Every structure is written in C-alpha cells, then in structure tokens.
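Understanding the architecture of this molecule
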Amino acid sequence: MKLAWLRSLESAHQDCVWACTWVPATDRSGGLLLTGSLDETVKLWNPEDLSVVRTNTGHCLGVVSVAAHPSGRIGASASMDSFIRVFDVESNNTIATLEAPPSEVWQMQFDPRGTTLAVAGGSSASVKLWDTAEWKLVSTLSIPRPEGAKPSDKGSSKKFVLSVAWSPSGRQLACGSMDGSISVFDVQRAKFLHHLEGHTMPVRSLAYSPLDPRVLVSGSDDECIHMYDAEGKTLFSSMSGHSSWVLSVDVSPDGAAIASGSSDRTVRLWDPKMRAAVQTMTNHTDQVWGVKFEAVGGGARGSLLASVSDDKSISLYNYS
C-alpha cells in the first residue's frame, strides 16, 4: 500500500477548508470532489485537474460538513448558520433547506441506500435522521445519560455529538462525542445498543470498513486512532503516531489501509495489521480537517485520496 502525490491546489477556497467528500459518478458526469469552507461556500471539483465545476454560495456562515447521496445526483452542506442545504449536483438548485437550532448541525452522512441523512446533533446529544423522500425529520437518536446520572447533572455538553458514520448495511449508526465515547444505535428499531470506550478526548471522525461491517475506525483529540468490533463492543487495536489531534479518518476501498488527517499538519497512511503508520505526507502547512478515499471506476485498487486543510488547499493522492 502506498500514497503517491498527484496534485495540490493552493487557495482552493478563501478561508479554511473543513470538509470534503466524493460525489459518485453518474451516467452524465464523472465522479467529483465536494468541499466546504469557512468562506461560506461549497465547491465541486474535477479531480483530473482540480478545476472548479460549480460553486455554491447558499450559506451565511462557515460550512462544517458536506455529504453526497449514493446516486451522485444530490449533495448536502451543513453550516454554522444552523441550516443544511440539500442541492442538485448538476444544476446546483436547492432541493430542500433543513433547519436546526444553533450548534445542532455538525458532521452528516447519507445511509448506503440514500433514504436517510444522519446529522450529528451537537449539544442536543443526539443524531437527527432526515427522510430523503420528503426531507422531514423522522427520528432523533438520543445518547442515554450515564448510569446513576441525575436529571440536574450538566453532562450534556460532554455528550456533544461531533461525528457520525453508517455501517455498510445501513442497519447501525455510530456517533462520536466530546467526552471521547462512541455510541452505537440500531437504526430500524431506533434503539441505543451500547457505548464503545477507549478514547479520552473528543472523537472527531468515524469510518466503518467497507469490507467488514463490524470494524469501526475512530480518530480523536487524544492523538490516537482506534479500531473497534462495533458489534462485539471491543477495542482490538490502537494506533498512535500523530503529535496532535486526529481530525479525520477514512478506510481505503480495499479495507487494507487507513488514512488520517491531523492538527500536526500531516496526512498519514496506516497499516492496520502492523498497527503503525507506513507513510507520512507533508503537503499541507496547517491543520488537516478532512481525508477521504474514492475508488476509481468502482474498483478497490487504484483509488484516490483527497485531503483538505486550514491552509485553504486541497491535495490529491493516488492510493495503490
């Protein structure tokens, strides 16, 4: 496994770039890179040359998360203005505007079938589920209080939900909180299943393995990357090497590698079997907020990795 730098674009946005994801190819368009920035814009990029395809200016505060529907036809952006804008990728027209109270919109992700958009609910200590047919809020998955906690305890801030990830089957949903805990839910039954423990600081990023639905990877401010058996409730691997917060993690399409972005300004490639970083990329000059793999042509080999940073730049790497 290896990353080879392909290209970078400085000043891709006018302010820090906090989010990125890949828009799947359709019968009318190839795959695109979607980014969101504190400059209040969302941009779609052609990965061949990192040229701008479209720019979205629908928000009035910085964009903290972006998501792509598995059909490749719909995108979504979440902003500190407490709105989620759902838009048509090809026309850029707004499909729906979803409103949440202040600080209730953080990371988000469409489920594998594209029927539900899950949004990390910030200080509400919950994950909001939006139906994508009518764009209505259909469920709120609340993180239970710790056993023995009193209603008057001011513990909700510790359960501030930062990150969210769907299992490959779409049956389970995991979310990471400010206190370092990870909560796992059965979505169909809207039931809390269990907590995954191990981190001591905020869990900013989660990603399931595309090949093993039990394996959940997490990145935290404690500088560690954990691998859990999300169904068996066990932490089976912990990897360290970053010198600051781990802000983003993702699992390669072949399931053989993990990428991470950190406040230490590096992107690292990890071998889960070795439990160690096998490569460190130093293209960025500031915090790396997002890393995301995409398979080229739907294959597991010959994938791309994108990274975005506070330095306003985008970098692309080939993974093979």
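Residues numbered from 1 in each chain as written. Predicted model: local features only at pLDDT ≥ 70, side-chain atom pairs only at ≥ 80, totals over all residues. Heavy atoms only, no water.

1. Description of the overall build of the protein chain
To keep things clear, this is the line we draw: Here a strand is any run of E in DSSP of at least two residues, a helix any run of H or I of at least four, and the numbering for each starts at the N terminus. When we talk radius of gyration, it's over C-alpha atoms, and the globule rule is simply 2.2 Å times the number of residues to the 0.38. Summary of the burial criterion: residues with accessible area below 20% of their type's maximum are buried, those above 50% are exposed, and those between are partly exposed, where the area comes from a 1.4 Å probe applied to protein chains only. The method behind every accessible area is Shrake-Rupley, applied with a 1.4 Å probe, and residues are considered shielded solely by the protein chains displayed. Two residue types count as positive, namely Lys and Arg, and two as negative, namely Asp and Glu; His and chain ends fall outside the count. Charge positions come from single atoms, namely NZ of Lys, CZ of Arg, CG of Asp or CD of Glu.
In terms of helices and strands, the protein chain carries zero helices and 28 strands. Scaling as 2.2 N^0.38, a compact globule of 320 residues should have a C-alpha radius of gyration of about 20 Å, and the protein chain matches this with 18 Å. Looking at the protein chain residue by residue over its 320 residues, the buried ones come to 56%. Counting every atom, the protein chain has about 13300 Å² of accessible surface; 48% of that belongs to carbon and sulfur. For the protein chain, the distance from the average position of its 28 positive side-chain charges to the average position of its 34 negative side-chain charges is 4 Å.

2. Section: the layout of surface pockets
For clarity, the cut-off: The way it works is a 1 Å grid over only the protein atoms, where trapped points that fit a 1.4 Å probe form a cavity and open points with protein on both sides within 12 Å along at least five of seven lines form a pocket, and then any residue with an atom within 4 Å of a point lines it. Grid points are joined across faces, edges and corners, and a volume is the space filled by probe spheres set on the points. Polarity classes work like this: nonpolar for Ala, Val, Leu, Ile, Met, Phe, Trp, Tyr, Cys and Pro, charged for Asp, Glu, Lys and Arg, and polar for all others, with Gly in that last group.
Looking at the largest pocket, its volume works out to about 1400 Å³. As for the largest pocket, its lining consists of 47 residues, of which T21, Q109, L206, D250 and K292 are closest to the centre. Within the residue set of the lining of the largest pocket, elements represented by two or more residues are strand 2 (17-23), strand 6 (63-68), strand 10 (108-110), strand 14 (161-166), strand 18 (203-208), strand 22 (246-251) and strand 26 (288-295). Sorting elements by how many residues they give to the lining of the largest pocket places strand 26 first, with seven residues. Partitioning the lining of the largest pocket into residue classes produces 31 nonpolar, 11 polar and five charged.

3. A few points about the side chain of D264
For clarity, the cut-off: Polar contact is the term for a pair of N or O atoms within 3.5 Å; when the atoms are in protein, one must be able to donate a hydrogen and the other to accept it, and sequence-neighboring residues count only if both atoms are side-chain atoms. Here a residue-residue contact requires only that any non-hydrogen atoms of the pair lie within 4.5 Å.
You can see D264 is positioned in the loop between strand 23 (258-262) and strand 24 (267-271). Taking the relative accessible area as the measure of exposure, D264 reaches 14% and is therefore buried. A distance of 2.9 Å separates a polar atom in the side chain of D264 from a polar atom in the side chain of H242. A distance of 2.7 Å separates a polar atom in the side chain of D264 from a polar atom in the side chain of T266. Among residues more than four places away in sequence, those in contact with D264 are H242, S243 and S244.

4. A word on the UniProt feature "repeat: WD" (unreviewed entry) in the protein chain
What counts, and what does not: UniProt positions are given in the numbering used here, feature names are shortened, and annotations may be inferred rather than shown by experiment.
Following the UniProt record, one finds the feature "repeat: WD" (unreviewed entry) at residues 10-55, 56-97, 161-195, 196-238 and 239-280. Within residues 56-97, the helical portion is 0% and the strand portion 55%, while the C-alpha atoms at the span's ends are 14 Å from each other. Between the end C-alpha atoms of residues 196-238 there is a gap of 13 Å, over a span that is 0% helix and 56% strand.

5. Overview of a nonpolar patch on the surface
Cut-off, in case you're wondering: Like charges are joined within 9 Å and nonpolar side chains (Val, Leu, Ile, Met, Phe, Trp, Tyr) within 5 Å, but only among residues with over 30% relative accessible area and no salt bridge; these make up the patches. Every case where a carboxyl oxygen of Asp or Glu lies within 4 Å of a side-chain nitrogen of Lys or Arg is listed as a salt bridge.
Taken together, the side chains of M1, M274 and V278 make up a nonpolar region of the molecular surface, amounting to roughly 270 Å² of accessible area. The exposure class of M274 is exposed, given its relative accessible area of 55%.

6. Examining the nonpolar core
Filter applied, for reference: In plain words, nonpolar cores are sets of buried Ala, Val, Leu, Ile, Met, Phe, Trp, Tyr and Cys residues tied together by side-chain atoms within 4.5 Å.
In this structure, I84, V86, L98, M108 and L117 are the most contacted members of the largest nonpolar core, which totals 17 residues. Counting only elements with at least two residues in this core, the list comes to strand 6, strand 7 (74-79), strand 8 (83-88), strand 9 (94-99), strand 10 and strand 11 (116-120). The element that contributes the greatest number of residues to this core is strand 7, accounting for three residues. In contact with M108, other than residues within four places in its own chain, are S65, V66, A67, A76, S77, A78, I84, L117, A118, V119 and V164.

7. Focus: the sheet that holds strand 4 (residues 42-46)
In plain terms, the rule: Two strands pair under a simple rule: DSSP has to find at least two bridges between them. An axis is simply a line fitted to the C-alpha atoms; with a helix, the fit covers only the stretch in contact. Between two such axes, the angle follows the N-to-C directions and lies from 0 to 180 degrees.
Strand order across the open sheet formed by four strands is 2-3-4-5, with antiparallel pairing between neighbours. Looking at which strands have only one partner, the edges of the open sheet turn out to be strand 2 and strand 5 (51-56). Taking each pair of neighbouring strands and ignoring which way they run, the sheet shows an average axis angle of 25°. In this structure, strand 2 lies alongside strand 3 (residues 32-37), joined through six bridges in antiparallel fashion. Looking at strand 3, one finds that W22 is bridged to L33.

8. Quick look at the pairing of strand 3
Strand 3 sits mainly inside the fold: six of its six residues count as buried. Pairing of strand 3 with strand 4 involves four bridges; the strand directions are antiparallel. Within strand 4, the residue paired with G36 across the bridge is V42. Between strand 3 and the antiparallel strand that follows it, strand 4, lie four residues; E40 among them carries a positive phi value of about 80°.

9. A closer look at the environment of M178
Within the fold, M178 resides in the loop between strand 15 (172-177) and strand 16 (182-186). Separated by 132 residues in sequence, M178 and D310 place their C-alpha atoms 21 Å apart.

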